[in-house]
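Examination of the molecular architecture
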Amino acid sequence: MPKAYPIPSPPMARQAWNGLLDLLFPPRCVACDRTGAQLCDGCINNFLPAAGDRCARCWSPRGASDCAHCATSLPAFDSLRAAYVFEGRVRDAVHAVKYQGATAAVGPLVAAVDLRSLPDALDRVVPVPMAGRRRRVRGFNQAHLFATRLGDRIGVPVDSRALRRTRAAPPQARQPDLEARRRNVRGAFTAERSRVHGRRILVVDDVTTSGATLDACAQALRAAGAESVHAWALARDD
């Protein structure tokens, strides 16, 4: 049976402080701009789950068994799972986090997802690293924010130093197809052996399309001796 991860309650002092801030500065939903919450129930209820018949390995909507891509070129990760399809309100919320600095929405986004598809046994949660210049411009790495919230929720330590990016690459969204995406990130990551050897790793990103970036990360983690590598993203761009 998959593990049912609980949603932890914040300490009472934090609840009181957050309540005071909400009175003084009412939060607005990052997806629809409605007053009342960083992410409103109406938007959450309109998120489209990435469910149905999907590839058991890369989670693409191509049937319940391994898809043609995985059958011919097996990814380095053991499995990839995503909570939602990257469209509509999910896309609006993720874009608000990444491009408008609405980082407070990361908590509600992770708290809303069903995590029963995650493996039971994990030793570390590892975020996909961002190129230094891009991180300096943005001010944060959104994958690290999602990984931190996810690690808190499932009670698994987060290690942001296990993976590092060895070179910058153009954004994956600009690449025309799967092969171009794979070439774009090939050899772009390396893993610290002392931090991952013999461990069961969950590598985390905010959005995945082809799984190429997560695959490149998994290759680096495998090369450094990780026992297993699973991947998770909040949303998958089908």
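Scoring rules and cut-offs
Residues numbered from 1 in each chain as written. Predicted model: local features only at pLDDT ≥ 70, side-chain atom pairs only at ≥ 80, totals over all residues. Heavy atoms only, no water. Salt bridge = Lys/Arg side-chain N within 4 Å of Asp/Glu carboxyl O. Helix = DSSP H or I, 4+ residues; strand = E, 2+ residues; numbered from the N terminus. Buried < 20%, exposed > 50% of the residue type's maximum accessible area, 1.4 Å probe, protein only. Expected span 1.5 Å × (residues − 1). Core = buried A, V, L, I, M, F, W, Y, C linked by side-chain atoms within 4.5 Å. Contact = heavy atoms within 4.5 Å. Pairing = 2+ DSSP bridges. Axes fitted to C-alpha atoms, helices over the stretch in contact; angles between N-to-C directions. Polar contact = N/O pair within 3.5 Å; in protein donor to acceptor, adjacent residues only side chain to side chain. Phe/Tyr/Trp six-rings, centres within 6.5 Å; stacked < 30°, edge-to-face > 60°.

Some thoughts on the pattern of salt bridges
By the definition in use, this model includes nine salt bridges. Its salt-bridge partner being Asp 92, residue Arg 89 comes within 3.7 Å of it at the nearest N-O pair. Of this pair, Arg 89 and Asp 92 both sit in helix α4 (residues 88-100), three residues apart, which is roughly one turn of that helix. Under the relative-accessibility criterion, Arg 89 is labelled partly exposed at 34%. Its salt-bridge partner being Arg 116, residue Asp 114 comes within 2.7 Å of it at the nearest N-O pair. Linked by salt bridges that have partners in common, Arg 54, Arg 236 and Asp 238 make up one network.

Observations regarding helix α10 (residues 212-223)
The end-to-end C-alpha distance of α10 is 16 Å, a good match for the 16 Å that 12 residues give at a rise of 1.5 Å each. Among the 12 residues of α10, nine are classified as buried, and the element is accordingly described as predominantly covered. All of the buried residues in α10 are Ala 212, Thr 213, Leu 214, Asp 215, Ala 216, Cys 217, Ala 218, Ala 220 and Leu 221. Directly beyond the C-terminal end of α10, a positive phi value near 100 degrees is found at Gly 225.

What to know about the nonpolar core
Counting 37 residues, the largest nonpolar core has Leu 150 and Trp 232 as its most contacted members. Taken together, the elements giving at least two residues each to this core come down to β1 (79-85), α4, α5 (106-112), α7 (142-154), β5 (200-208) and β6 (228-236). When residues of this core are assigned to their parent elements, the largest contribution, five residues, is made by α4. Not counting residues within four places of it along the chain, the set of residues in contact with Leu 150 comprises Val 110, Leu 115, Leu 118, Leu 202, Val 204 and Trp 232. With 28 residues, the next largest nonpolar core counts Phe 189, Ala 216, Ala 220 and Ala 231 among its residues.

Focus: the sheet that holds β5
Read from one edge to the other, the open sheet built from four strands follows the order β1-β6-β5-β2, with strand pairing classed as parallel. The sheet is open, and its two borders are formed by β1 and β2 (124-127), each paired with just one other strand. Averaged over neighbouring strand pairs, the angle between their axes works out to 25 degrees when direction is ignored. As paired strands, β1 and β6 are joined by six bridges and run parallel to one another. Directly across from Arg 81, in β6, lies its bridge partner Trp 232. Those strands touched by α4 are β1, β5 and β6, and its axis lies near 100 degrees from that of β5. Its contacts with the sheet place α7 against β2, β5 and β6, and it is angled at close to 130 degrees to β5.

Comments concerning the side chain of Asn 141
Along the chain, the position of Asn 141 falls in the loop between α6 (132-138) and α7. When its relative accessible area of 5% is taken as the criterion, Asn 141 is described as buried. A polar atom in the side chain of Asn 141 sits 3.0 Å from the backbone oxygen of Val 128. In contact with Asn 141, not counting residues within four places along its chain, are Val 128, Pro 129, Met 130 and Arg 135.

Comments concerning unusual backbone geometry
Of note, Asp 33 is a non-glycine position whose phi angle comes to about 70 degrees, a positive value. Note on placement: Asp 33 falls in the loop between α1 (12-24) and α2 (41-46). Although it is not a glycine, Trp 59 sits at a positive phi angle of roughly 70 degrees.

Quick notes on the packing of aromatic side chains
What characterises a pair of aromatic rings is the spacing of the ring centres plus the angle enclosed by the ring planes. One pass over the full model with this rule turns up one aromatic pair. Taken together, a centroid distance of 5.0 Å and an interplanar angle of 70 degrees make the contact between Phe 47 and Tyr 84 edge-to-face. Of this pair, Phe 47 sits in the loop between α2 and α3 (68-72) while Tyr 84 sits in strand β1, and the two are 37 residues apart along the sequence. Assessed through its relative accessible area of 7%, Tyr 84 is described here as buried.

Focus: the environment of Arg 195
Of note, Arg 195 is situated in helix α9 (residues 193-196). Arg 195 sits 29 residues away from Ala 224 along the chain, and the two C-alpha atoms are 8.8 Å apart. With residues up to four places along the chain from it excluded, the contact list for Arg 195 reads Asp 159, Arg 161 and Ala 162. Within the structure, Arg 195 has its side chain in polar contact with the side chain of Asp 159 (distance 2.9 Å).

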